[in-house]
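Architecture at a glance
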Amino acid sequence: MDDEQERLLPIANVGRIMKQILPATAKISKEAKQTMQECATEFISFVTAEASDKCHKENRKTVNGDDICWALSTLGFDNYAEAIVRYLYKYREAERQKANQNKGNSSQDQLEESDYRSCDQLGRQTEAHTQLEFTAIEKGDSSQAKPS
């Protein structure tokens, strides 16, 4: 595999994601998949580089989810940043529950307050105690595809 293909997301995964939003009868050309593969890879690299720069300036080696949220917002992708903040909160909540189940203790009283924190659009720590709702997108219904 050449260097170019190694840096790109797997085209089968890109095609599968694309197909999820299209009607069942729709077809996707190889060129469309390759174009989206390049775009998605470039987008990930762009956002990650911005987050990495922030970490470097703060003398940190690890890019975390809050850094990605901050980078999305800084780069003008506020709608995506808001959606990712909601996802990150739900992800962390699920991980806490899994950890508590593994310990045999599901008490919410032992959660650290910092675990509820997320980032606002400027990367500042904020409380994230709001109830979150996610809408399932029906296959072929692209009217809800954009983050709100």
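Sequence order sets the numbering: in each chain, residues are counted from 1 along the sequence as written. Totals for whole chains, interfaces and linings use all residues, but because this is a predicted model, local features are given only for residues with pLDDT of at least 70 and pairs of side-chain atoms are given and counted only at 80 or more. Hydrogens are left out, water is left out, and the side-chain values use all remaining heavy atoms of the structure.

Here we look at the packing of helix H4 (residues 65-74) against helix H5 (residues 78-103)
- Taken N-terminus to C-terminus, the directions of H4 and H5 make an angle of 165°; their axes are 8 Å apart at the nearest point. Taken as axis vectors, H4 and H5 run roughly antiparallel relative to one another. Where H4 crosses over H5, the two elements pack in a sense that is left-handed. For the pair H4 and H5, contact is made by Gly 65, Asp 66, Cys 69, Leu 72 and Ser 73 and by Asp 78, Tyr 80, Ala 81, Ile 84, Val 85, Leu 88 and Arg 92, respectively.
- Only Asp, Glu, Lys and Arg are considered charged in this grouping, and only Ala, Val, Leu, Ile, Met, Phe, Trp, Tyr, Cys and Pro are considered nonpolar; every other residue, Gly among them, is considered polar. Each residue belonging to the contact of H4 with H5 can be placed in one class, and the counts come to seven nonpolar, two polar and three charged. Whenever a helix is involved, its axis is fitted only over the stretch in contact; in every case the axis is a line through C-alpha atoms, and angles between N-to-C directions fall within 0 to 180 degrees. In this description a helix means any DSSP run of H or I spanning at least four residues, a strand means any run of E spanning at least two, and both kinds are numbered starting from the N terminus. If an angle is under 35 degrees, it is roughly parallel; if it is over 145, roughly antiparallel; if it lies from 65 to 115, roughly perpendicular; otherwise it is oblique. The handedness criterion is simple: a crossing whose near helix is rotated anticlockwise from the far helix by less than a right angle is left-handed, and one whose near helix is rotated clockwise is right-handed. Contacts: residue pairs with any heavy atoms within 4.5 Å of one another.

Some words on unusual backbone geometry
- The phi torsion at Asn 59 lies on the positive side, around 55°, for a residue other than glycine.
- Structurally, the position occupied by Asn 59 is in the loop between helix H3 (30-57) and H4.

Observations concerning the confidence of the model for the protein
- The pLDDT averaged across the protein works out to 79; a share of 69% of its residues lies at or above 70.
- Every residue gets a pLDDT, meaning the predictor's confidence in that residue, from 0 to 100. Averaged pLDDT values over the elements of the protein bottom out at 49 in strand E2 (residues 125-127) and peak at 97 in H3.
- Confidence drops under pLDDT 50 across residues 144-148; counting only partners more than four residues distant or on other chains, this segment forms eleven contacts.

Some points on a nonpolar patch on the surface
- A surface patch of nonpolar side chains, about 220 Å² in accessible area, is lined by Leu 9, Phe 43 and Ile 44.
- In this structure, Ile 44 sits in helix H3.
- Here the term buried applies to any residue with accessible area under 20% of the maximum for its type, exposed to any over 50%, and partly exposed to those in between, with areas from a 1.4 Å probe on protein chains only. On the basis of relative accessibility, which here comes to 43%, the residue Ile 44 falls in the partly exposed class. Note on patches: the residues involved have over 30% relative accessible area and no salt bridge, like charges join within 9 Å, and the nonpolar side chains Val, Leu, Ile, Met, Phe, Trp and Tyr join within 5 Å. Computed with a 1.4 Å probe, the accessible areas rest on the Shrake-Rupley method; for each residue, only the protein chains presented here act as cover. Here, a salt bridge means any side-chain nitrogen of Lys or Arg that lies within 4 Å of a carboxyl oxygen of Asp or Glu.

Quick notes on the side chain of Lys 54
- Mapped onto the elements of the fold, Lys 54 is located in helix H3.
- Take Lys 54: its relative accessible area is 15%, and that puts it in the buried class.

Regarding the packing of aromatic side chains
- In summary, the pairing rule links any two rings of Phe, Tyr or Trp, Trp by its six-membered ring, whose centres are within 6.5 Å, and it sorts them by plane angle into stacked for under 30 degrees, edge-to-face for over 60 and tilted for everything else. Under the defined criterion, the tally for this structure stands at four aromatic pairs.
- Note on Tyr 87 and Tyr 91: the rings are 6.1 Å apart at their centroids and 25° apart in plane angle, and the pair reads as stacked. With Tyr 87 and Tyr 91 both in helix H5, this residue pair falls four residues apart, about one helical turn.
- On the basis of relative accessibility, which here comes to 47%, the residue Tyr 87 falls in the partly exposed class.
- Here a set of aromatic residues connected by ring pairs shows up, and it is made of Phe 43, Phe 77 and Tyr 80.

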